[in-house]
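Analysis of the macromolecular model
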Amino acid sequence: MTTEAPGPPRRSDATRAAILEAARERFAEDGYERATIRAIARDAGIDPSMVMRYYGNKEGLFAAASEFDLRLPGLGAVPDRHIGAVLVTHFLDRWEQDDVLTALLRAGVTNTAASERIREIFKGQIGPVAAAVCPDPADAPRRAALVASQILGMALARYVLRFPPAVDMSREEVIAWLTPTIQRYLTAERP
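Below is a summary of the structure that appears in this document.

Reading the values: the criteria
Residues numbered from 1 in each chain as written. Predicted model: local features only at pLDDT ≥ 70, side-chain atom pairs only at ≥ 80, totals over all residues. Heavy atoms only, no water. Axes fitted to C-alpha atoms, helices over the stretch in contact; angles between N-to-C directions. Helix = DSSP H or I, 4+ residues; strand = E, 2+ residues; numbered from the N terminus. Parallel < 35°, antiparallel > 145°, perpendicular 65-115°, else oblique. Contact = heavy atoms within 4.5 Å. Nonpolar A, V, L, I, M, F, W, Y, C, P; charged D, E, K, R; others polar. 1 Å grid on protein atoms, 1.4 Å probe; cavity = no way out; pocket = protein on both sides within 12 Å on 5 of 7 lines; lining within 4 Å. Points joined across faces, edges and corners; volume = space filled by probe spheres on them. Salt bridge = Lys/Arg side-chain N within 4 Å of Asp/Glu carboxyl O. Buried < 20%, exposed > 50% of the residue type's maximum accessible area, 1.4 Å probe, protein only.

Turning our eyes to something else, we now look at the packing of helix 5 (residues 83–97) against helix 6 (residues 99–108). With their axes 5 Å apart at the nearest point, helix 5 and helix 6 run at an angle of 90° to one another. Comparing their axes, helix 6 and helix 5 come out roughly perpendicular. Side by side, helix 5 and helix 6 meet where Arg94, Trp95 and Gln97 of the first sit next to Asp99, Leu101, Thr102 and Leu105 of the second. Taken together, the residues that form the contact of helix 5 with helix 6 break down as three nonpolar, two polar and two charged.

Below you can see the structure in the form of structure tokens.
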């Protein structure tokens, strides 16, 4: 059996990468509604027809540019009583280190495709966490939705709408306020 050494990256791979990088930056800066295929193509240094060739339309490009792994921490070794704090801290780190998530939230407020993308991300990534730690796995979808309401609500207030009290709170204060709620949503017995 012979294996060929991988050759140099294909030009199409570099073009796709440039398009996605430009799209992420443009969506983060302008939001979904104001970002245009022409502006993204200009930022990527290519013709707009190439964007259409690879992604079909703006929604297809947005879906590809908003592929997002929340990189949730493994909770297997975390004592149950600390799960809320670990998750809140993790989400604050994510919001503060990645403009793509903020752009996705900003777009999700006004755009159907973006809100669907947010639902997919949170359902697919928080749902399994909730199922693994809650007392009744059948209740996991409800609990995951409650967790998302708190996490997305604070992110909207702090990073998108920039409400002064939410922005002015220190990380430690945000963690202290949100942790008991997230903890209760995930591990408390159902009311």
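This part covers empty space enclosed by the protein. Tallying each qualifying case throughout the model produces two cavities of 30 Å³ or more. Estimates place the volume of the largest cavity at around 60 Å³. Taken together, Ala23, Arg24, Phe27, Phe62, Ala65, Ser66, Val100, Ala103 and Leu104 form the lining of the largest cavity. Secondary-structure elements contributing two or more residues to the lining of the largest cavity are helix 1 (11–34), helix 4 (58–65) and helix 6.

For the structure shown, the criterion picks out 10 salt bridges. Measuring nitrogen to oxygen at the nearest pair gives 2.7 Å for the salt bridge that ties Glu120 to Arg117. Placement of both Glu120 and Arg117 in helix 7 (residues 112–133) is noted, with a separation of three residues, approximately one turn of the helix. With a shortest N-O distance of 3.4 Å, Arg143 and Asp139 are connected by a salt bridge. Note on Arg143: relative accessible area 5%, which makes it buried. Salt bridges sharing common partners tie together Asp93, Glu96, Arg158 and Arg171.

By volume, the largest pocket amounts to about 230 Å³. Lining the largest pocket are 13 residues, and of these Arg119, Phe122, Lys123, Ala145 and Ala148 sit closest to its centre. Contributions of two or more residues to the lining of the largest pocket are made by helix 7 and helix 8 (140–160). It is helix 7 that contributes the most residues to the lining of the largest pocket, seven residues altogether. For the lining of the largest pocket, a count of residues per class yields nine nonpolar, two polar and two charged.

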